[in-house]
Amino acid sequence: MTKTIDYFFGIGSPWAYIGLDAFVELVAQSGAKIRPYLIPLIVENGAIYSRDRPDARRAYWMKDLQRWAALRGKKLDFTNRSGLSDPTPAGFLVLAAQLEGQDWVALARALQHAFWGTAADIGSADVRKAIADAAGFDGAALEARAALPDISELWSSNRDTAKEAGVFGLPTYRYDGELYWGQDSLPFLERHLSGEKLVP
């Protein structure tokens, strides 16, 4: 039986961006498949947006992001981040690719890199379309698909599933009923996939 990993993530999460390639590589090595759930942070379950954290914690968060980005070979650009639009519509674009059977991982990677690696304003439809086109997708078609009601319904359904599962932060991986929060938890997920569950 193929192993299935529920993947709760968001385009606006720098940790999801940093850990995406390592996660995809682990999935391939394990012969598993990904069941994606693109969601926002679940505040009711304890998530805290970075803007709402105390200064000391925000400073540590920034440093830790830079450490992990360097370790994972990812670039981060913090230029004018406060001037960037809400990346949520970019998530709808990825949901559209998912429902159309397209390579949603490649699109997510392109949008995350643009947002976190080059500080592109992916809240803008024109910017999103250009990024999608450059990645080999039909940006205009995906934008049109993302505007249909079933996309927002899937977003809401994903959020409900995540909330019920106990997810709060991004990314979170669920395998065999066990949650692993954060891309730094990938070693624990890897052990679980190989049959070694550290905590019963």
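Keep in mind it's a predicted model, so treat the numbers as computed, not measured.

### Here we look at the pairing of strand β1 (residues 4-9)
Consideration 1: Across the 6 residues of β1, 6 count as buried, placing the element largely inside the fold.
Consideration 2: Covered by surrounding structure in β1 are Thr4, Asp6 and Phe8 together with Ile5, Tyr7 and Phe9, the residues of both alternating faces.
Consideration 3: Bridge analysis of β1 against strand β2 (residues 33-38) gives 6 bridges, and the strand direction is parallel. Across the sheet, residue Asp6 finds its bridge partner in β2, namely Arg35.
Consideration 4: After leaving β1, the chain enters helix α1 (residues 14-30) and then returns to the sheet as β2, a path that is right-handed.
Consideration 5: Pairing analysis gives 3 bridges linking β1 to strand β3 (residues 172-175), with the strands arranged antiparallel. Paired with Phe8 across the strands is Thr172, a residue of β3.

### Here we look at helix α8 (residues 186-193)
Consideration 1: Listed in full, the buried residues belonging to α8 are Leu186, Leu189, His192 and Leu193. One side of α8 holds all its buried residues, which, seen down the axis, span an arc of 115°.
Consideration 2: The elements touched by buried residues of α8 are β1, α1, α2 (55-72), β3 and β4 (178-181).
Consideration 3: Two residues or fewer past α8, Gly195 is found with a positive phi of approximately 100°.

### Examining the packing of aromatic side chains
Consideration 1: With the rule as written, the count across this model stands at 9 aromatic pairs.
Consideration 2: Both rings, one in Tyr7 and one in Tyr173, keep their centres 5.7 Å apart while their planes meet at 5°; by these two values the pair is stacked. Of this pair, Tyr7 sits in strand β1 while Tyr173 sits in strand β3, and the two are 166 residues apart along the sequence.
Consideration 3: In this structure an aromatic cluster arises from ring pairing among Tyr7, Phe9, Phe23, Trp104 and Tyr173.
Consideration 4: The ring of Phe115 has Arg81 lying over it, and the distance from NZ or CZ to the ring centre is 4.5 Å.

Cut-offs applied
In every chain, residue numbers begin from 1 and rise along the written sequence. This being a predicted model, a pLDDT of at least 70 is required before a residue's local features are given, and a value of 80 or more before pairs of side-chain atoms are given or counted; all residues contribute to the totals for chains, interfaces and linings. Side-chain metrics in this entry use all non-hydrogen atoms of the structure; hydrogen atoms and water are not considered. Relative accessibility decides the category of a residue: with a 1.4 Å probe and only protein chains considered, values under 20% of the type maximum give buried, values over 50% give exposed, and everything between is partly exposed. Secondary structure elements follow DSSP: runs of H or I of four or more residues count as helices, runs of E of two or more count as strands, with numbering from the N terminus. Here a strand pair is declared whenever DSSP counts at least two bridges between the two strands. Here a crossover is taken to be right-handed if, once the strands point away from the viewer, the path from the first strand over the helix to the second is traced clockwise. Here the arc refers to the directions that run from the helix axis out to each C-beta atom. Any two residues whose heavy atoms approach within 4.5 Å at even a single point are treated as in contact. Put simply, two rings from Phe, Tyr or Trp (the six-membered ring, in Trp's case) pair if the centres are within 6.5 Å, and we call them stacked under 30 degrees between planes, edge-to-face over 60, tilted for the rest. Two thresholds decide whether a charge sits over a ring: the Lys NZ or Arg CZ must be within 6 Å of the ring centre and within 35 degrees of the ring normal.

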